[in-house]
Amino acid sequence: MHRLGCTLLVTIWLSVWAAAQERVRVELPYRSGTVRIDADQIEKETAEIWVATGDVVVTYQDTVLKSQKLTYHQEREQVVSEAPLEITRGVQWLKGSSGVFNLADGTGEIRDADGFTDEELFVKARVLYKTGPDTFRAEDGLLTACREALPKWSFTVDRANLRVDGLASLRHTVFKVKNIPVFYFPYLTFPTAKRERSSGFLLPSLGNSNNKGRRITQEFFLVLGRSADLQLREDYFSKRGFGHGFTFRARPRHDSYLRLDAYTIDDRLDQGGASLTGEGQTYFGDGYRMVVDFSLVSNFVFRRVFSDNFFLATRPSEESEVFVTNNAANKSFNFQIARQETFFRGRNTVIRHSPSLSFHITGERLLGSPFFFDLDAAAEGMSRVDSRIETPALTQRLDLYPQIYFSLPLGQGLRLTPRLGGRETFYSDRVQVGPDGEREVVSDNLTREYVDFTLDLQGWGLSRIYRPREGRPWKHLIEPELRYRYTEGIDEEFREVIRFDEHDAVADTNEFEYSLVNRFFVKRPSGDGENVHEWLSVRVGQKYFLDSDFGGAFQEGAVNQFFPLNSLTGFPYGGLQRNFSPVTTTVRFNPDRRMSVDVRGDYDFDFDRFRNFAVTGFFYRSHFNFSASYFLTKQLEQGSFATNQIQSSIRWGNLDRGFSVGTRLIYDTRTRDLLHVRSRANYGWDCCTVSFELERIEVGLRNERQVRFSFYLKGIGTFGTIRRPERVF
């Protein structure tokens, strides 16, 4: 009897508990949809007012409101919560101590609000007014992208207007790191859209340099329609003065673009100047493409002192060109206007193409025969100014160079290819050398004619596959290369030709070029099975000159740089008359995709030593990356220089999250000078990244140390002098 009573009491208690757990749902028709209210209890106070309590959830279209107590005014189309509430609509998520929400137009207000107005922007405000489906007004609050109770960075505002995928406008704003005020903005705007651009002032940047002093930069970004924009820049250097610049970008079509960069400064130390650079391309009909790539500078001192890029500051030349090209099958048409200026201690060398028309045919089969035809033809207007000569503003050069050749198989993969060509070049002016050696350009026509014959032996040589008992099989291939070249007909015309480019620096020759290449292959696993991989190659080559005088073109005791002396190695060796060139050795080692080493050297038997030696390579694993280059050259004869430099770059860490550090340097071991070093340390969180950078440049006029800093704010932009996503490692 006792057990029966206990069982009955438990049953009654469970029934009461289950009944209490049943939730109430009311669905009210509203416009084109339905307002659904789920709660523990719902009461209808009047014909138009509903009161819901206990885990209330109101759902309308893509909007969900949650609270412990809500009042729904059906006639006003309004939801009122005196208790804490939570609103979710798409990526928007907001909560507050109380609030009012209008279903008709998506407006309302939330007290003591915080939450995300989009995927990145987190808002806290004493009152957050929802002025539309995607617009907000915050009063007495803060904005950030960090989710901590005390965010790493924030903007505290008196008032802010926000538009999702639009623009945020802030008034009386203080930028804080943690709780420390850093900068005050009376008015600040920034885009909240991920892809839309908007006009306005960018965050100012600060920097410091021992050479230029403290630097303050302010930029203004101006949107010029959907396909163009303009960025104006003002710099103030405490030791130099004011600098002015702009960047113009345009993309009128998906296949066309133009970018112009200009900068000028009236330097207090008389090292100022101006520069203008540009690049762009566009396509016309019938396969024509136009490319613009130019770099103009008023003086090289200005570029060396004020260039932000070390390699641009030390580059000894400026090149500019505009060309139109059409390439179809094996034919090519080109129209070019170009200017090249090279810096020298005396007078700079300036070469202009104004303009050049050229036409090329490659590999044209002659009437179904085994013979092939190549053609190079050009009509050009040229000029040159240097420390020794000055040509007229327009010197005509007409060039015609047809070639015919065929290929003869010899077996074992070897092929013999004879090639015969004849070249005729007309110049409207020539160089006249006086009795005292003075060179003068005279208006006297010159026609240079020569015959060029080459005989090439190339192809697969001997090969063998080795199958060791342990390990993978590998293949060894020996590849011989032999070329005979005979050029005749230039003779004394060599000294009378004006040197505009490589087409003019050609001399008679009678030579052999021979080399032997050893290649080693292995099979390496890949995503689609196994691929053959060349993990080692060794090439040894040399030239033998039967005519060491090159038809009288060679000058003893001078720097001789002409074709074919420049076709074996990138380092000059034409200061000494010889029959044998240096021996060039090139070794490339690639054990896997994450490591590569190249070794190159030229050994000169006339001096019994290496003329030059270079090692370059890289290695990377996960978040570690290392690359280095070592260059050594000897001053053995006129035209060669002694150098001994190391260039290296090392990086560790993830540049997007956590700690990362990297350094790049250029060190001259001969003079023991550290020419350039740039070191950067980064630490990235989920909502921001802090970067510090130190740079030192010691080249010629530039002896400078700079300290840079940047603070990247997720969803906002970068504050500082290191612009994201620029990376130096």
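Our subject is the structure listed above.
What you see is a predicted model, and the numbers here were worked out from it, not measured in a lab. (Residues numbered from 1 in each chain as written. Predicted model: local features only at pLDDT ≥ 70, side-chain atom pairs only at ≥ 80, totals over all residues. Heavy atoms only, no water.)

**Focus on unusual backbone geometry**
Then comes step 1: In this structure, the amide linkage connecting Ser 354 to the following residue, Pro 355, adopts the cis form with an omega of -5°.
Then comes step 2: At the junction of Phe 563 and Pro 564, the peptide bond is cis and its omega measures out at 15° in the coordinates.
Then comes step 3: Within the fold, Pro 564 resides in the loop between β37 (529-545) and β38 (583-592).
Then comes step 4: Of note in this structure, Glu 77 is not a glycine but carries a positive phi near 60°. (Helix = DSSP H or I, 4+ residues; strand = E, 2+ residues; numbered from the N terminus.)

**Some details on the nonpolar core**
Then comes step 1: Counting 52 residues, the largest nonpolar core has Tyr 72, Leu 143, Trp 153, Phe 155 and Leu 170 as its most contacted members.
Then comes step 2: Those residues within four positions of Leu 143 in sequence are excluded, and the remaining contacts are Leu 121, Phe 122, Val 123, Trp 153, Ser 154, Phe 155, Val 157, Ala 160, Leu 162, Leu 170 and Phe 190.
Then comes step 3: One finds Tyr 450, Phe 545, Phe 554 and Leu 568 within the second-largest nonpolar core, a separate group that totals 14 residues. (Core = buried A, V, L, I, M, F, W, Y, C linked by side-chain atoms within 4.5 Å. Buried < 20%, exposed > 50% of the residue type's maximum accessible area, 1.4 Å probe, protein only. Contact = heavy atoms within 4.5 Å.)

**Some points on the pattern of salt bridges**
Then comes step 1: All told, the structure shown has 50 salt bridges when counted by the stated rule.
Then comes step 2: The closest approach of N and O atoms between Arg 519 and Glu 534, which form a salt bridge, is 3.1 Å. Taken together, the positions of Arg 519 in strand β36 (residues 509-526) and Glu 534 in strand β37 put the pair 15 residues apart, joining distant regions of the chain.
Then comes step 3: Of the residues examined, Arg 519 reaches a relative accessible area of 21% and is grouped as partly exposed.
Then comes step 4: Of the residues examined, Glu 534 reaches a relative accessible area of 24% and is grouped as partly exposed.
Then comes step 5: Salt bridges sharing partners connect three or more residues here, namely Arg 578, Asp 604, Asp 606, Arg 611 and Glu 637. (Salt bridge = Lys/Arg side-chain N within 4 Å of Asp/Glu carboxyl O.)

**Some points on the environment of Gly 273**
Then comes step 1: Structurally, Gly 273 can be placed in strand β22 (residues 273-283).
Then comes step 2: Ignoring anything within four residues of it in the chain, the contact list for Gly 273 reads Tyr 263, Thr 264, Ile 265, Ser 298, Asn 299 and Phe 302.

**Observations regarding a nonpolar patch on the surface**
Then comes step 1: Residues Phe 284, Tyr 288, Phe 333, Leu 357 and Phe 359 make up a contiguous nonpolar surface patch of about 410 Å² in total accessible area.
Then comes step 2: The topology assignment puts Phe 284 in the loop between β22 and β23 (288-297). (Patch = residues over 30% accessible without salt bridge, like charges linked within 9 Å, V, L, I, M, F, W, Y side chains within 5 Å. Areas by Shrake-Rupley, 256 points an atom, 1.4 Å probe, with all protein chains shown as cover.)

**As for the side chain of Lys 543**
Then comes step 1: Among the secondary structure elements, Lys 543 is positioned in strand β37.
Then comes step 2: In contact with Lys 543, not counting residues within four places along its chain, are Arg 485, Glu 511, Phe 512, Glu 513, Tyr 514, Pro 564, Ser 567, Leu 568, Tyr 573, Asn 579, Phe 580 and Ser 581.

**Thoughts on the state of the cysteines**
Then comes step 1: Going through the model one piece at a time under the given rule, you end up with 1 disulfide.
Then comes step 2: The residue that forms a disulfide with Cys 146 is Cys 687, at a sulfur-sulfur distance of 1.9 Å. Across the disulfide from Cys 146 to Cys 687, rotation about the S-S bond amounts to roughly 85°, and the bridge is consequently right-handed. Note that Cys 146 is positioned in the loop between β12 (135-144) and β13 (153-163) and Cys 687 in the loop between β44 (673-684) and β45 (688-699), a separation of 541 residues in sequence. Exposure class is identical for Cys 146 and Cys 687. Each is buried.
Then comes step 3: Cys 688 forms no disulfide, and the closest cysteine sulfur to it belongs to Cys 687, at a distance of 4.0 Å.
Then comes step 4: For Cys 688, a relative accessible area of 2% puts it in the buried group. (Disulfide = S-S within 2.5 Å.)

Any functional reading would require information beyond the geometric quantities listed.
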